[in-house]
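One letter stands for each residue in the lines below.
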Amino acid sequence: MTDFFAVVGRQRACRSFRNDPVDDELIERLLQAASFAPSAENRQPWVFVVVRDAHQRAAVGELGRRAWEGGARQYSEGRLAPTLLADVDHGARGGIAAAPVLVVVCADTSLAHPSSLSASIFPATQNLLLAATAVGLGSAMTTLPLTAGDELSALLQLPPEVVPMAVVPLGWPERVLGPPRRLPVVDKTHRETYANGW
């Protein structure tokens, strides 16, 4: 059993994947972990669409690429370090779509109040990312394809009450990923009131 804190300390976005397949049994194990996330009223509104078909993955990737080139990249320039910008650029222009599996994490709006959907869907997504890290898979979370949400919904043939909320590529990393860079917790933590240092 991999130590939980070691997994959390290693989880980071992967945007370059090997072509090696990821079997259904492993994907199901990750989705099982995702489904153990908390949800408002335990309604479990998550819906997972697993996309393996190369044409479907390319179509999802194209929606993300359009969003990136249509303004998201310009917004990120100057905000991201050059190496991170290059990595995100690679992912948005095809690296993510090249993952052997895309999991589109959706919400069934008939099961939860709209204000609580994020509080249910994103813990499940985080569980999916952590589970992928625990078994050695690379993963990331992107919302770029959601800028064309209607097109994404049509592509996946989602019913009207099911809306896409995140896309998670999964695959074996092309290279070893180092630990994520994080600011010290003391820089982000306050005691009792804001500006009262930890």
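Relevant structure appears above.
Quick caveat: nothing in here was measured; it's all calculated off a predicted structure.

Re the overall build of the chain
Here is step 1 of the chain: In terms of regular secondary structure, the chain is built from six helices and four strands.
Here is step 2 of the chain: Traced from its N-terminal end to its C-terminal end, the chain shows the element sequence α-α-β-α-α-β-α-β-α-β.
Here is step 3 of the chain: Projected onto its principal axes, the C-alpha coordinates of the chain cover approximately 50 × 40 × 40 Å.
Here is step 4 of the chain: Within the span of the chain, comprising 198 residues, buried residues form 41% of the whole.
Here is step 5 of the chain: Excluding contacts between residues fewer than 6 apart, the proportion of contacts in the chain whose partners are at least 24 apart in sequence is 82%.
Here is step 6 of the chain: Per element, the accessible surface of the chain, about 11200 Å² overall, is 55% carbon and sulfur.
Here is step 7 of the chain: Measuring between centres, the 18 positive side-chain charges of the chain sit 8 Å from its 20 negative side-chain charges.

Details of the packing of helix 2 (residues 24-34) against helix 5 (residues 117-134)
Here is step 1 of the chain: Running from N to C, helix 2 and helix 5 cross one another at 140°; their axes reach a closest spacing of 7 Å. As summarised for this structure, helix 2 and helix 5 are arranged oblique, according to the angle between their axes. In terms of crossing hand, the pair formed by helix 2 and helix 5 is right-handed. Only A124, N127, L128, A131 and A132 of helix 5 make contact with helix 2, whose side of the interface consists of L30, L31, A33 and A34.
Here is step 2 of the chain: Here the contact of helix 2 with helix 5 is composed, by residue class, of eight nonpolar, one polar and no charged.

A few points about the packing of helix 3 (residues 54-76) against helix 6 (residues 149-156)
Here is step 1 of the chain: It is the contact of helix 3 with helix 6, at a shortest axis distance of 11 Å, that shows an interaxial angle of 180°. The orientation of helix 3 relative to helix 6 falls into the category roughly antiparallel. Within the contact between the two elements, helix 3 uses Q56, A59, V60, L63 and R66 and helix 6 uses E151, L152, L155 and L156.
Here is step 2 of the chain: Here the residues of the contact of helix 3 with helix 6 sort into six nonpolar, one polar and two charged.

What about the sheet that holds strand 2 (residues 101-108)?
Two pairing modes exist for strands in a sheet, parallel and antiparallel, and in both the strands are linked by backbone hydrogen bonds.
Here is step 1 of the chain: Taken together, the four strands give an open sheet; going across it, the order is 1-2-4-3, and neighbouring strands pair in antiparallel fashion. Both outer strands of the open sheet, strand 1 (46-51) and strand 3 (138-139), are each paired with one neighbouring strand and no more.
Here is step 2 of the chain: Relative to strand 4 (residues 162-171), strand 3 is paired through two bridges, and the arrangement is antiparallel. Residue pairing for strand 4: S139 is matched across the bridge by L170.
Here is step 3 of the chain: Helix 2 rests against strand 1, strand 2 and strand 4 of the sheet, and its axis sits at about 160° to strand 1.
Here is step 4 of the chain: The strands touched by helix 3 within the sheet are strand 1, strand 2 and strand 4, with strand 2 carrying the most contacts at an inclination of about 65°.

Details of the packing of aromatic side chains
Here is step 1 of the chain: Under the definition given, this model contains one aromatic pair.
Here is step 2 of the chain: The ring centre of W198 lies 4.1 Å from the NZ or CZ of R191, which sits over that ring.

Quick look at the nonpolar core
Here is step 1 of the chain: Among the nonpolar cores identified, the biggest contains 25 residues, and L30, V103, V105, L128, V168 and L170 are the most heavily contacted of them.
Here is step 2 of the chain: When residues of this core are traced back to their parent elements, those giving at least two are helix 2, strand 2, helix 5 and strand 4.
Here is step 3 of the chain: The residues contacting L170, other than those within four sequence positions of it, are F17, I27, L30, A99, P100, V101, V103, L128, A132, G138 and S139.

Thoughts on helix 6
Here is step 1 of the chain: Among the residues of helix 6, G149, L152, S153 and L156 are the ones counted as buried. All buried residues of helix 6 lie within an arc of 100° about the axis, which places them on one face of the element. In this structure, helix 6 carries D150 and A154 as exposed residues pointing more than 90 degrees from its buried face.
Here is step 2 of the chain: Residue Q157 follows helix 6 closely and has a positive phi angle near 55°.

How each quantity is defined
Residues numbered from 1 in each chain as written. Predicted model: local features only at pLDDT ≥ 70, side-chain atom pairs only at ≥ 80, totals over all residues. Heavy atoms only, no water. Helix = DSSP H or I, 4+ residues; strand = E, 2+ residues; numbered from the N terminus. Buried < 20%, exposed > 50% of the residue type's maximum accessible area, 1.4 Å probe, protein only. Contact = heavy atoms within 4.5 Å. Areas by Shrake-Rupley, 256 points an atom, 1.4 Å probe, with all protein chains shown as cover. Lys, Arg positive; Asp, Glu negative; His and termini not counted. Charge placed at Lys NZ, Arg CZ, Asp CG, Glu CD. Axes fitted to C-alpha atoms, helices over the stretch in contact; angles between N-to-C directions. Parallel < 35°, antiparallel > 145°, perpendicular 65-115°, else oblique. Left-handed = near helix turned anticlockwise from the far one by under 90°. Nonpolar A, V, L, I, M, F, W, Y, C, P; charged D, E, K, R; others polar. Pairing = 2+ DSSP bridges. Phe/Tyr/Trp six-rings, centres within 6.5 Å; stacked < 30°, edge-to-face > 60°. Lys NZ or Arg CZ within 6 Å of the ring centre and 35° of its normal. Core = buried A, V, L, I, M, F, W, Y, C linked by side-chain atoms within 4.5 Å. Arc of directions from axis to C-beta.

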